[in-house]
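# A closer look at the structure
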Amino acid sequence: MAVTTLKRPTTTQRKFQLDEKDLPTHWYNIQADLPSPLPPPLHPGTGQPIGPADLAPLFPIELIKQEVSRERWIEIPEPIRDAYKVWRPTPLIRALGLEKVLGTPAHIYYKWEGVSPAGSHKPNTAIAQAYYNKQEGTKRLATETGAGQWGSALALAARMFDLECKVYMVRVSYDQKPYRRILMETWGAEVVPSPSPDTNVGRAALAKDPKSPGSLGLAISEAVEDAATRDDTKYSLGSVLNHVLMHQTVIGQEAKKQLELAGERPDILVGCIGGGSNFSGFAFPFIADKLTGKVKDLRIIAVEPMAAPSITKGRYVYDFGDEAMMTPLVKMHTLGHSFMPAPIHAGGLRYHGMAPSVSALYEQKQIEAVAVHQRPTFEAAVMFARAEGYLPAPESAHAIRVVIDEALRCKESGQAKTIAFNLSGHGHFDLGAYERYLNGELEDYEYPAEKVREALADLPKVAV
Ligand SMILES: *Cc1c(COP(=O)(O)O)cnc(C)c1O
């Protein structure tokens, strides 16, 4: 499609900016407003609810407290707000170019999280996690990374708070995507391919298969072992956990103010979901108004890949967070912890489970979920890049696909709905995937239902 809209003169305001003084002072904790408390995480060995002591070797106390807190607002410490100010508040942008290309009466807005130094929303929690670790005397952080986005966010945060950082990067990505690794190393992190010779799990995997391509589950197990066996080291996770989602709520709080500045009341909110953190960060402050009855008729749509459809095809049961069955059992939508992801290009969305709060909200019909294929997703990404200029991360493009579909529905019905979505990151390190799409080499892949049944057959039976 020929698009010249970047140069289109317009008198309509395009960008809605906040000042640094408008940066949120608190994170919003949705656990305060959920109609019923989340089912408790269970100990992988005993099946009993876990307590703070079980998590203390891995996480600082303050984060463990946040994980189970039912307080509605948690104050953001000043040093974290200071670090956020490097790029926050982020802009909310009216997608006038995209509206024009689609010929839709809908008003489309995107919250642009790709302006962070790491290029995604992930530093919002990485910085908070690094801060609390520093406060409690941690010297070193260990984590895993698949495509490299979380590893880069944590490498950045560790640098900001003067901590060492060790990243176990899934072997295939380590070999195929050197630039994310170089970014992490530039910020001073140590990056090793996983499986690595540095841990017991890694050595065992290498003994079995010296050429093992690795997996996210294995890399998690290595990072957890690293943290659990060293006094100076804690573990850090980039999504799924309650405190991680809560740290992201600065996104939605800002977006709410910005939509007010634009004189808009949203009808539809959209976000992509891997573990659920950018979607939650964007949507939870709005869902708060639904849960408290202040707002009705607001549709909120979570978008996942057909290749890892944890909500739309998985089941809402207790499962492990990792392949090696070392993490607590959590009640969530899951494809089974033995899920082997197909090599799709939205690396950040290839997780078998979903955040427990997102899962619960879906069960309670507060949110909707849609699964989309790779090719229509990249079609949407390219259309967006041509109409708006910014190159979306393949993950974020899942949200764009559904935004476009909803905007086209508005065109048919003639309704001028307001649609807002979270553009969670840029795709500058994903040009290989864009190249494959442009060359017609990308293929759609749907995770087969039989595999979900098989994977869920060997789940542990828990009596909750
Ligand atoms: C990691 C990532 C995601 C997926 O993770 P969530 O926790 O679901 O947000 C989405 N978009 C981008 C740009 C990412 O880096």
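The rules behind each value
- Residues numbered from 1 in each chain as written.
- Predicted model: local features only at pLDDT ≥ 70, side-chain atom pairs only at ≥ 80, totals over all residues.
- Heavy atoms only, no water.
- Helix = DSSP H or I, 4+ residues; strand = E, 2+ residues; numbered from the N terminus.
- Rg over C-alpha atoms; globule rule 2.2 N^0.38 Å.
- Buried < 20%, exposed > 50% of the residue type's maximum accessible area, 1.4 Å probe, protein only.
- Contact = heavy atoms within 4.5 Å.
- Areas by Shrake-Rupley, 256 points an atom, 1.4 Å probe, with all protein chains shown as cover.
- Lys, Arg positive; Asp, Glu negative; His and termini not counted.
- Charge placed at Lys NZ, Arg CZ, Asp CG, Glu CD.
- Expected span 1.5 Å × (residues − 1).
- Domains from an automatic or database assignment.
- Buried area = accessible area lost by both parts, 1.4 Å probe.
- Pairing = 2+ DSSP bridges.
- Near = heavy atom within 4 Å.
- Polar contact = N/O pair within 3.5 Å; in protein donor to acceptor, adjacent residues only side chain to side chain.
- Nonpolar A, V, L, I, M, F, W, Y, C, P; charged D, E, K, R; others polar.
- Axes fitted to C-alpha atoms, helices over the stretch in contact; angles between N-to-C directions.
- Parallel < 35°, antiparallel > 145°, perpendicular 65-115°, else oblique.
- Left-handed = near helix turned anticlockwise from the far one by under 90°.

Moving on, we get to the overall build of the protein chain. Within the protein chain, the regular secondary structure consists of 19 helices and 15 strands. Scaling as 2.2 N^0.38, a compact globule of 464 residues should have a C-alpha radius of gyration of about 23 Å, and the protein chain matches this with 21 Å. Structurally, the protein chain occupies a C-alpha span of about 60 × 50 × 45 Å along its principal axes. Each of the 464 residues in the protein chain was classed as buried or not, and the buried ones make up 60%. Within the protein chain, contacts between residues separated by at least 24 positions form 77% of all contacts whose residues are at least 6 apart in sequence. Accessible surface, the protein chain: about 18,400 Å² in total, of which carbon and sulfur atoms supply 52%. Charged side chains in the protein chain number 51 positive and 54 negative. The centres of these two groups are separated by 4 Å.

Before going further, it helps to examine helix H17 (residues 394-413). The terminal C-alpha atoms of H17, which comprises 20 residues, lie 29 Å apart, in line with the 28 Å expected from a rise of 1.5 Å per residue. The buried fraction of H17 amounts to 14 of the 20 residues, a majority that puts the element mostly inside the structure. Phi for Gly 414, located one or two positions after H17, is positive at around 75°.

The next point concerns the domain arrangement of the protein chain. Along its sequence, the protein chain is carved into domain 1 (15-24 + 88-119 + 243-456) and domain 2 (27-74 + 122-239). Between the C-alpha centres of domain 1 and domain 2 there is a distance of 22 Å. In this assembly, 48 residues from domain 1 lie in contact with 47 residues from domain 2. In total, domain 1 and domain 2 occlude about 3,800 Å² of area from one another, counting both sides; carbon and sulfur atoms represent 65% of this.

A few words on the sheet that holds strand S15 (residues 418-423). If you walk across this open sheet you meet the seven strands as S1-S4-S5-S15-S10-S11-S14, and the pairing is mixed. With one partner strand each, in any of the chains shown, strand S1 (15-16) and strand S14 (368-372) form the two edges of the open sheet. Of the pairings in the sheet, the one linking strand S10 (residues 268-272) to S15 comprises three bridges and is parallel in character. If you follow Val 270 over to S15, its bridge partner there is Phe 421.

Another point: the site of the ligand. Close to the ligand lie 18 residues; Lys 122, Ser 239, Gly 274, Ser 277 and Asn 278 are nearest. Lys 122 has a polar side-chain atom sitting 2.6 Å from an oxygen atom of the ligand. Contact distances for the ligand include 2.6 Å between an oxygen atom and a backbone N or O atom of Gly 274. Summarising the interface, the protein chains cover 98% of the accessible area of the ligand, which totals 380 Å² for the free molecule. Split into classes, the residues belonging to the shell around the ligand amount to four nonpolar, twelve polar and two charged.

One way to put it is that helix H5 (residues 123-135) packs onto helix H6 (residues 149-160) with a least axis distance of 8 Å and a crossing angle of 40°. Considering their axes alone, H5 and H6 lie oblique with respect to each other. Classified by chirality, the crossing of H6 by H5 is right-handed. Counting all contacts with H5, which are made through Pro 123, Thr 125, Ala 126, Ile 127, Gln 129 and Ala 130, the residues of H6 involved are Trp 150, Ala 153, Leu 154, Leu 156, Ala 157, Ala 158 and Met 160. Residues of the contact of H5 with H6, tallied by class, amount to eleven nonpolar, two polar and no charged.

For helix H15 (residues 356-363), a buried count of six out of eight residues is recorded, marking the element as mostly surrounded by other parts of the structure. Along H15, the positions that sit buried rather than exposed are Pro 356, Ser 357, Val 358, Ser 359, Ala 360 and Leu 361. Packed against the buried residues of H15 are helix H11 (242-247), helix H13 (277-291), helix H14 (310-313), strand S12 (315-320) and strand S13 (329-334). Looking one or two places after H15, you find Lys 365, whose phi comes out positive at around 60°.

Counting through the fold element by element, His 352 comes out in the loop between S13 and H15. A distance of 2.8 Å separates the side chain of His 352 from the backbone oxygen of Phe 320, its partner in a polar contact. Apart from residues no more than four positions distant in its own chain, His 352 is found in contact with Ser 310, Asp 319, Phe 320, Gly 321, Asp 322, Met 332, His 333, Thr 334, Leu 335, Gly 336, His 337 and Phe 339.

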